[in-house]
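What the coordinates show
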Amino acid sequence: MAVFVALGAFLMTLAGGWTAQRVTDRRHLVLGLAGGLMLGVVGLDLLPEALEAAGHEVFGVPAALLLFVAGFLLAHLVERLLAARQAAHGAEETDGRTPEVGLTAAAAMVGHSAMDGVAIGAAFQVGGGMGVAVALAVVAHDFADGFNTYTLTRAYGNARRKALVMLFADAAAPIVGAASTLLFTIPEPLLGGYLGFFGGALLYLAAAEILPEAHHAHPARSTLLCTVAGAAFIWLVVGIAG
């Protein structure tokens with residue numbers, strides 16, 4: 001049942017990526033929406049789950065929040081190191097952006113989607129009701145995952161072929177993750193720590209890269225509305241699932 005539900009996540013991820021492709025002529029709107037979706041996923045979905053799963057404190061601070069900050073800082077460090085290496089070798093960046101950063105971010109999205117599949121499988125092991133609730137949340141926000149995976153890869157100057165490869169990998173990841181729960185389970189604290197860490201990295205990309213690019217190129221109300229709509233959509237998904 002968990003693997004069957006993960007097929008729904010597969011289709012929703014592809015739908016999100018397809019949508020991102022079809023509106024490339026409105027790049028600022030795509031980036032604005034992607035930023036809002038990423039912000040919503042981090043603040044309303046990933047971080048609350050991380051705090052619940054890994055809420056024990058380390059020197060007065062929840063472990064999930066420490067890993068959240070670590071993920072944010074690591075994303076910043078990786079981007080700076082990649083940009084410095086490329087500049088040192090005299091390579092040209094695409095519109096000031098390092099393609100490897102986009103691929104790294106997309107790879108992180110694939111890892112997150114695999115963990116979504118694991119979450120579906122683990123929830124069904126607990127009970128059918130919990131499995132359905134978790135599956136609803138995962139399938140709904142996988143549209144945003146597919147949208148963001150394709151957008152992130154392309155936004156950093158990668159070829160369309162690479163973006164499609166990452167999109168299909170992201171779509172297949174929940175199925176692989178759900179199937180893996182037939183063999184083993186991940187301890188809840190470890191899962192919570194991963195969600196916190198990934199949330200920090202995703203927030204950095206949204207706040208420091210995607211949103212500034214969207215609003216710098218086209219500082220229009222429509223771009224801002226897309227950003228707000230993206231965050232509101234995730235709020236709706238989380239509320240329905242809850």
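Residues numbered from 1 in each chain as written. Predicted model: local features only at pLDDT ≥ 70, side-chain atom pairs only at ≥ 80, totals over all residues. Heavy atoms only, no water.

Thoughts on the overall build of the chain
- Summing up its helical and strand segments, the chain has eight helices and two strands in all.
- In sequence order, the chain lays out its α and β elements as α-α-β-β-α-α-α-α-α-α.
- Split into buried and exposed, the 242 residues of the chain put 46% on the buried side.
- Taking as baseline every contact in the chain between residues at least 6 positions apart, the subset at least 24 positions apart corresponds to 81%.
- A total of about 11500 Å² of accessible surface is found on the chain, and carbon and sulfur atoms cover 71% of it. (Helix = DSSP H or I, 4+ residues; strand = E, 2+ residues; numbered from the N terminus. Buried < 20%, exposed > 50% of the residue type's maximum accessible area, 1.4 Å probe, protein only. Contact = heavy atoms within 4.5 Å. Areas by Shrake-Rupley, 256 points an atom, 1.4 Å probe, with all protein chains shown as cover.)

Digging into the side chain of Thr-153
- Tracing the backbone shows Thr-153 in helix 5 (residues 128-155).
- The residues contacting Thr-153, other than those within four sequence positions of it, are Gly-102, Leu-103, Ala-106, Asn-158, Lys-162, Ala-163 and Met-166.

Examining the packing of aromatic side chains
- The full count for this structure, using the stated rule, is two aromatic pairs.
- Judged by centre distance (5.2 Å) and plane angle (90 degrees), the rings of Phe-72 and Tyr-204 are edge-to-face. Here the residue Phe-72 occupies a position in helix 3 (residues 63-88), and Tyr-204 occupies one in helix 7 (residues 188-217), the gap between them amounting to 132 residues.
- For Phe-72, a relative accessible area of 28% puts it in the partly exposed group.
- The interplanar angle of 10 degrees and the centroid separation of 6.2 Å between the aromatic rings of Tyr-194 and Phe-198 together place this pair among those described as stacked. (Phe/Tyr/Trp six-rings, centres within 6.5 Å; stacked < 30°, edge-to-face > 60°.)

Things to note about the environment of Thr-223
- Looking at the secondary structure, you find Thr-223 in helix 8 (residues 221-241).
- Overall, Thr-223 belongs to the buried group, its relative accessible area being 0%.
- C-alpha separation for the pair Thr-223 and Leu-31, spaced 192 residues apart in sequence, amounts to 8.2 Å.

Some details on helix 6 (residues 160-180)
- Along its 21 residues, helix 6 runs 30 Å from first to last C-alpha, staying within 8% of the 30 Å computed at 1.5 Å per residue.
- Every buried residue of helix 6 is listed here: Ala-163, Met-166, Leu-167, Asp-170, Ala-171, Ala-173, Pro-174, Gly-177, Ala-178 and Ser-180. (Expected span 1.5 Å × (residues − 1).)

Quick word on helix 1 (residues 2-22)
- Taking 1.5 Å per residue as the helical rise, helix 1 with its 21 residues ought to reach 30 Å, and the 31 Å between its terminal C-alpha atoms agrees with that figure.
- When we look at burial in helix 1, the residues that qualify are Ala-2, Val-5, Ala-6, Ala-9, Thr-13, Leu-14, Gly-16, Gly-17, Ala-20 and Gln-21.

Let's talk about the confidence of the model for the chain
- Here the chain averages 81 in pLDDT, and 85% of its residues register 70 or above.
- Per-element averaging of pLDDT across the chain places helix 5 at the bottom with 76 and strand 2 (residues 61-62) at the top with 92. (pLDDT = per-residue confidence, 0-100.)

Details of the nonpolar core
- Residues Met-38, Leu-46, Leu-152, Tyr-156, Leu-202, Leu-205 and Ile-210 are the most contacted members of the largest nonpolar core, which totals 36 residues.
- Those elements that place two or more of their residues in this core are helix 2 (27-53), helix 3, helix 4 (99-126), helix 5 and helix 7.
- With residues near it in sequence (within four places) discarded, Ile-210 still touches Leu-31, Ala-34, Gly-35, Met-38, Leu-152, Tyr-156 and Leu-205.
- If you look at the next biggest cluster of nonpolar residues, it comprises ten residues, including Ile-120, Phe-124, Val-138 and Ala-178. (Core = buried A, V, L, I, M, F, W, Y, C linked by side-chain atoms within 4.5 Å.)

A few points about the packing of helix 1 against helix 6
- One way to put it is that helix 1 packs onto helix 6 with a least axis distance of 7 Å and a crossing angle of 160 degrees. The orientation of helix 1 with respect to helix 6, classified from their angle, is roughly antiparallel. Seen along the crossing, helix 1 lies across helix 6 with a hand that is right-handed. Packed against helix 1, whose contacting residues are Ala-2, Val-3, Ala-6, Leu-7, Ala-9, Phe-10, Thr-13, Leu-14, Gly-17 and Gln-21, the element helix 6 presents Arg-160, Leu-164, Leu-167, Phe-168, Asp-170, Ala-171, Ala-172, Pro-174, Ile-175, Ala-178 and Ala-179 at the interface.
- Of the residues assigned to the contact of helix 1 with helix 6, the class counts are 16 nonpolar, three polar and two charged. (Axes fitted to C-alpha atoms, helices over the stretch in contact; angles between N-to-C directions. Parallel < 35°, antiparallel > 145°, perpendicular 65-115°, else oblique. Left-handed = near helix turned anticlockwise from the far one by under 90°. Nonpolar A, V, L, I, M, F, W, Y, C, P; charged D, E, K, R; others polar.)

Some details on the side chain of Asn-158
- Within the secondary structure, Asn-158 sits in the loop between helix 5 and helix 6.
- For Asn-158, the side chain forms a polar contact with the main-chain oxygen of Pro-99, separated by 2.9 Å. (Polar contact = N/O pair within 3.5 Å; in protein donor to acceptor, adjacent residues only side chain to side chain.)

Remarks on the environment of Ala-122
- Tracing the backbone shows Ala-122 in helix 4.
- Once the C-alpha coordinates of Ala-122 and Leu-182 are considered, the two residues, 60 residues apart in sequence, prove to be 9.1 Å apart.

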